[in-house]
Amino acid sequence: MKTKIILDVDPGHDDAVAILVAAKHEKLDLRGITVVAGNQVLEKTLQNALKVCSFAGIDVPVYAGQDRPLLRDQVIADDIHGDSGLDGPQFPPPTKRAEEKSAVDFIIEECLQHDREIVLVPTGPLTNIALALLKEPRIKQGIKEIVLMGGAYGLGNVTPSAEFNIFVDPEAAHIVFESGLPITMVGLDLTHQAKAYPEVVERIRRLGTPVAELVVELFAFFGDTYKRVFGFEAPPLHDVCAVAHVIDPTLIKTQKVPVVVETTRGACYGRTVCDFYFKTGKPANVHVAMELDQKRFWDLVIDTLSKY
Ligand code: RIB
Ligand code: CA
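Residues numbered from 1 in each chain as written. Chains lettered and ligands numbered in written order. Predicted model: local features only at pLDDT ≥ 70, side-chain atom pairs only at ≥ 80, totals over all residues. Heavy atoms only, no water.

Draft legend 1. Representation of the site of ligand 1. Neighbouring ligand 1 are 14 residues, the closest being Asp14, Asn157, Glu163, Asn165 and Asp239. Here an oxygen atom of ligand 1 sits 2.9 Å away from a polar atom, N or O, in the side chain of Asp15. Between ligand 1 and Thr123, the relevant distance is 2.9 Å, taken from an oxygen atom to a main-chain nitrogen or oxygen of the residue. Contact with the protein chains covers 98% of the free accessible surface of ligand 1, which is 270 Å². Put simply, the parts of the chain that give the shell around ligand 1 at least two residues each are α1 (13-24), α6 (164-168) and α11 (238-247). (Near = heavy atom within 4 Å. Polar contact = N/O pair within 3.5 Å; in protein donor to acceptor, adjacent residues only side chain to side chain. Areas by Shrake-Rupley, 256 points an atom, 1.4 Å probe, with all protein chains shown as cover. Helix = DSSP H or I, 4+ residues; strand = E, 2+ residues; numbered from the N terminus.)

Draft legend 2. Up close: the pattern of salt bridges. All told, the structure shown has 17 salt bridges when counted by the stated rule. Of the charged contacts in the structure, one is a salt bridge between Glu233 and Lys227, with a shortest N-O distance of 2.7 Å. Across the pair Glu291 and Lys253 runs a salt bridge whose closest N-O atoms are separated by 3.7 Å. With a gap of 38 residues between them, Glu291 in strand β10 (residues 286-292) and Lys253 in strand β7 (residues 252-257) connect regions that are remote in the sequence. (Salt bridge = Lys/Arg side-chain N within 4 Å of Asp/Glu carboxyl O.)

Draft legend 3. Main features of helix α4 (residues 103-112). Most of α4 is tucked away: 7 of the 10 residues are buried. Tucked into the core, α4 has its buried residues touching β1 (3-9), β2 (28-35), β3 (62-64), β4 (118-122), α5 (127-135) and β5 (143-149). (Buried < 20%, exposed > 50% of the residue type's maximum accessible area, 1.4 Å probe, protein only. Contact = heavy atoms within 4.5 Å.)

Draft legend 4. Summary view of the sheet that holds β1. Taken together, the 8 strands give an open sheet; going across it, the order is β3-β2-β1-β4-β5-β6-β10-β7, and neighbouring strands pair in mixed fashion. This sheet does not close on itself; its edge strands, each paired only once, are β3 and β7. Between one strand and the next, the sheet's axes are offset by a mean angle of 25°, whatever the strand orientation. Here 4 bridges tie β5 to strand β6 (residues 183-186), and the two strands are oriented parallel to one another. (Pairing = 2+ DSSP bridges. Axes fitted to C-alpha atoms, helices over the stretch in contact; angles between N-to-C directions.)

Draft legend 5. Looking closely at the side chain of Asp248. With respect to the helices and strands, Asp248 occurs in the loop between α11 and β7. A distance of 3.0 Å separates polar atoms of two side chains, one belonging to Asp248 and the other to Arg296. Contact partners of Asp248, with chain neighbours within four places excluded, come to Arg296 and Leu300.

Draft legend 6. Examining the packing of aromatic side chains more closely. Inspection of every chain in the model, using the stated rule, returns 9 aromatic pairs. Ring centres 6.1 Å apart and planes at 75° place the aromatic pair Phe167 and Tyr269 in the edge-to-face group. Of the two residues, Phe167 sits in helix α6 while Tyr269 sits in the loop between β8 (259-261) and β9 (272-274), which places them 102 residues apart along the sequence. For the pair Phe167 and Tyr269, one class covers both residues: buried. Through a chain of ring-to-ring contacts, the aromatic side chains of Phe222, Tyr226, Phe230 and Phe232 assemble into a single cluster. Sitting over the face of the ring of Tyr308, Lys24 holds its NZ or CZ atom 4.5 Å from the ring centroid. (Phe/Tyr/Trp six-rings, centres within 6.5 Å; stacked < 30°, edge-to-face > 60°. Lys NZ or Arg CZ within 6 Å of the ring centre and 35° of its normal.)

Draft legend 7. Highlighting the nonpolar core. Ranked by size, the top nonpolar core spans 65 residues in total, and within it Ile19, Val21, Ile33, Ile204, Val243 and Phe297 carry the most contacts. When near neighbours in sequence (up to four residues on either side) are disregarded, Ile204 contacts Ala212, Val215, Val216, Phe219, Ile302 and Leu305. Listed in part, the 33 residues of the second largest apolar core include Ala103, Leu120, Ile129 and Ala173. (Core = buried A, V, L, I, M, F, W, Y, C linked by side-chain atoms within 4.5 Å.)

Draft legend 8. Expanded view of unusual backbone geometry. One non-glycine residue, Arg116, lies in positive phi territory at about 50°. Relative to the assigned elements, Arg116 resides in the loop between α4 and β4. The class of Arg116 is exposed, set by a relative accessible area of 54%. Look at Phe278: it is not a glycine, yet its phi comes out positive at around 55°. As for its position among the elements, Phe278 is in the loop between β9 and β10. According to the relative accessible area criterion, Phe278 is partly exposed, its value standing at 43%.

Draft legend 9. Expanded view of the state of the cysteines. Applying the stated criterion across every chain yields a total of 0 disulfides. Of all cysteine sulfurs in the structure, the one in Cys274 sits closest to Cys268, which takes part in no disulfide; the separation is 12 Å. Classification of Cys268 by relative accessible area gives partly exposed; the value is 38%. Residue Cys274 is classed as buried on the basis of its relative accessible area of 17%. (Disulfide = S-S within 2.5 Å.)

As structure tokens, then:
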């Protein structure tokens with residue numbers, strides 16, 4: 001039985017690889033790709049999702065979502081992903097068009113048609129997910145779990161405290177984390193264990209296909225910006241970690257603890273506050289990703305990419 005997922009993205013180099021893996025792995029039934037503003041403005045993240053799907057021949061509906069956060073001012077990550085949001089590779093103009101229906105309406109309709117079956121996999125800001133929960137709370141009945149890339153119990157990346165996806169829309173993240181739904185938070189503490197070192201890039205290059213070459217070019221740009229901005233030796237494949245967890249939960253060790261999102265504007269705005277010692281007296285509401293089985297992770301990613 002395939003796992004039905006909705007992938008909510010803000011492409012974004014790592015989102016692009018998450019789309020490629022989610023669309024091809026035989027364990028997943030990718031019901032739709034919903035797009036949100038994040039790494040770049042919605043117009044660009046939507047085009048990027050359409051470009052990746054067109055290039056790789058991915059026949060999955062793509063839906064345009066929210067173009068701005070619920071309350072705060074817009075933040076983008078052009079320092080990491082470039083002016084297009086997917087700088088580096090040259091894509092042909094997309095042949096695929098977005099659906100007429102909005103991302104939020106698609107999420108609502110899809111979840112209402114199922115009974116605790118849909119896994120939501122957000123790899124960008126949580127604006128679309130939060131709005132769907134606000135607009136139609138009954139969708140909870142259709143959702144099995146939310147496996148999101150975002151947050152951190154250690155250092156942030158967009159501020160010392162906050163990880164980008166949460167920081168872009170802390171109020172949306174608060175709504176999701178307080179929803180009562182089963183949540184797995186695949187944060188920076190985990191995704192920084194998924195760095196695409198040269199030996200991994202070489203294994204992908206040796207696949208010798210247009211999609212493999214695209215991924216190598218994506219990593220080249222992403223690697224340059226991560227080196228310049230963070231001094232990393234290799235770029236972390238954040239978003240693919242969330243998809244990989246859905247495919248094979250044994251790849252990632254998690255710990256269930258209370259997590260709240262800081263929505264007070266200040267130095268910790270957008271921080272995911274993880275209470276490992278249960279000092280707050282709150283119930284554990286989030287499975288926090290702790291440790292990645294890196295060998296099996298990359299084997300899964302490369303094996304899936306080899307199917308294009
Ligand atoms: O902080 C990393 C996250 O922010 C990733 O999802 C990346 O694509 C950006 O959206
Ligand atoms: Ca992303």
